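An overview of the molecular structure
Each chain, written out:
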Amino acid sequence: MSAARRAPLTLAGAFAAALLLSACGSGGTSSGSGTGFVMGEDGISTVQRGDRDAAPDLSGKTIEGKQLDVASYKGKVVVLNVWGSWCAPCRAEAPHFQKVYKDLKSDGVQFVGINTRDTSTANALAFEKEQGVTYPSLYDPTGKLMLRFEKGTLNPQAIPSTLVLDREGKIAARSLAALSEDKLRKMIDPVLAEK
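Reference entry: report on the structure contained in this document. No experiment lies behind these values; they were computed from the predicted model shown.

1. Some words on empty space enclosed by the protein
Applying the stated rule across the entire model yields 1 cavity of 30 Å³ or more. Around the largest cavity, the lining residues are Asn81, Trp83, Cys90, Glu93, Ala94, Phe97, Phe127, Glu128, Val133, Tyr135 and Ser137. When contributions to the lining of the largest cavity are tallied by element, the ones reaching two or more residues are β5 (77-83), α2 (88-104) and α3 (121-131). Class assignment of the residues belonging to the lining of the largest cavity gives a composition of 7 nonpolar, 2 polar and 2 charged.

2. Side note on unusual backbone geometry
Between Ile159 and the following residue, Pro160, the backbone shows a cis peptide bond with an omega angle of 5°. One can find Pro160 in the loop between α4 (144-147) and β8 (161-165).

3. A short note on the layout of surface pockets
Considering only enclosed or pocket space, the largest pocket measures out at about 180 Å³ in volume. Lining the largest pocket we find 15 residues, and of these Ala55, Val70, Ala71, Leu165 and Gly169 sit closest to its centre. In the lining of the largest pocket, the residues fall into 8 nonpolar, 1 polar and 6 charged.

4. Details of α2
The end-to-end C-alpha distance of α2, which contains 17 residues, comes to 25 Å, matching closely the 24 Å that a straight helix rising 1.5 Å per residue would cover. Ala94 marks the point of greatest bend in α2, at about 35°, and the proline Pro95 comes within the next four residues. For α2, the full list of buried residues reads Cys90, Glu93, Ala94, Phe97, Gln98, Val100, Tyr101 and Leu104. Each element contacted by the buried residues of α2 is listed here: β5, β6 (109-116), α3, β8 and α5 (181-193).

5. Some thoughts on the pairing of β6
Burial runs high along β6: 8 of the 8 residues are buried. Of the two faces of β6, both are covered, the one formed by Val109, Phe111, Gly113 and Asn115 as well as the one formed by Gln110, Val112, Ile114 and Thr116. Bridge analysis of β5 against β6 gives 7 bridges, and the strand direction is parallel. Across the sheet, the residue bridging to Val77 is Val109, located in β6. The handedness of the β5 to β6 crossover, carried by α2, is right-handed. Strand direction decides the pairing type here: β6 and strand β7 (residues 137-140), joined by 4 bridges, are parallel. In the strand pairing of β7, Thr116 is matched with Asp140. Read as a crossover between parallel neighbours, the route from β6 over α3 to β7 is right-handed.

6. Some points on the sheet that holds β7
Spatial ordering of the open sheet is given by β1-β2-β9-β8-β5-β6-β7, a layout of 7 strands whose pairing is mixed. In the strand order of this sheet, the two ends are held by β1 (38-39) and β7, each with one partner. Sheet topology places β8 next to strand β9 (residues 171-175); 4 bridges connect them, and they run antiparallel. The residue bridging Thr162 from the neighbouring strand is Ser175, located in β9. Contacts from α3 reach β5, β6 and β7 within the one sheet, and its direction differs from that of β5 by about 120°.

Rules and cut-offs
Residues numbered from 1 in each chain as written. Predicted model: local features only at pLDDT ≥ 70, side-chain atom pairs only at ≥ 80, totals over all residues. Heavy atoms only, no water. 1 Å grid on protein atoms, 1.4 Å probe; cavity = no way out; pocket = protein on both sides within 12 Å on 5 of 7 lines; lining within 4 Å. Points joined across faces, edges and corners; volume = space filled by probe spheres on them. Helix = DSSP H or I, 4+ residues; strand = E, 2+ residues; numbered from the N terminus. Nonpolar A, V, L, I, M, F, W, Y, C, P; charged D, E, K, R; others polar. Expected span 1.5 Å × (residues − 1). Bend = angle between axes of the 7 residues up to and from the residue. Buried < 20%, exposed > 50% of the residue type's maximum accessible area, 1.4 Å probe, protein only. Contact = heavy atoms within 4.5 Å. Pairing = 2+ DSSP bridges. Right-handed = clockwise from strand over helix to strand, strands pointing away. Axes fitted to C-alpha atoms, helices over the stretch in contact; angles between N-to-C directions.

Written as structure tokens, this is what we have:
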């Protein structure tokens, strides 16, 4: 094949690679039109208590094959973390999530993962075993659960992403980037303090 014919193919390949890499990036800064999110200096977006929207139906099979409905956790603060076993930032933040979950579960905080873009549960299960993750994760290989959120709430290209739901099941905070333990606690603490 001539160099002139290879150039468009090489460019197309580079574009596809860039898209793939951006799918597991450091997130975005979308404020989400109409979602009420206000971006803080720390990259965490929050919604005032009276302006929060309810989370959509988030139910289905976990990566272990069990049935799970996030609505069953109403009355608890719920931390939703969108992740994939293929995502390096997800691996970096997983130990922080497990530690905070272990510390806060007796205070009425429930963590739920949403595993996305893994083509089989085997990779997701291996990830959880390797990282010591003990909270459940819904299996969402095609991103259907993410698409249930109001437009602007989650960016399907920003993996990992994290949402905190208040005790009424409404979206109180969001991060479209990997979180340190400190930032995760800063996301959860104000919602946990609400009475």
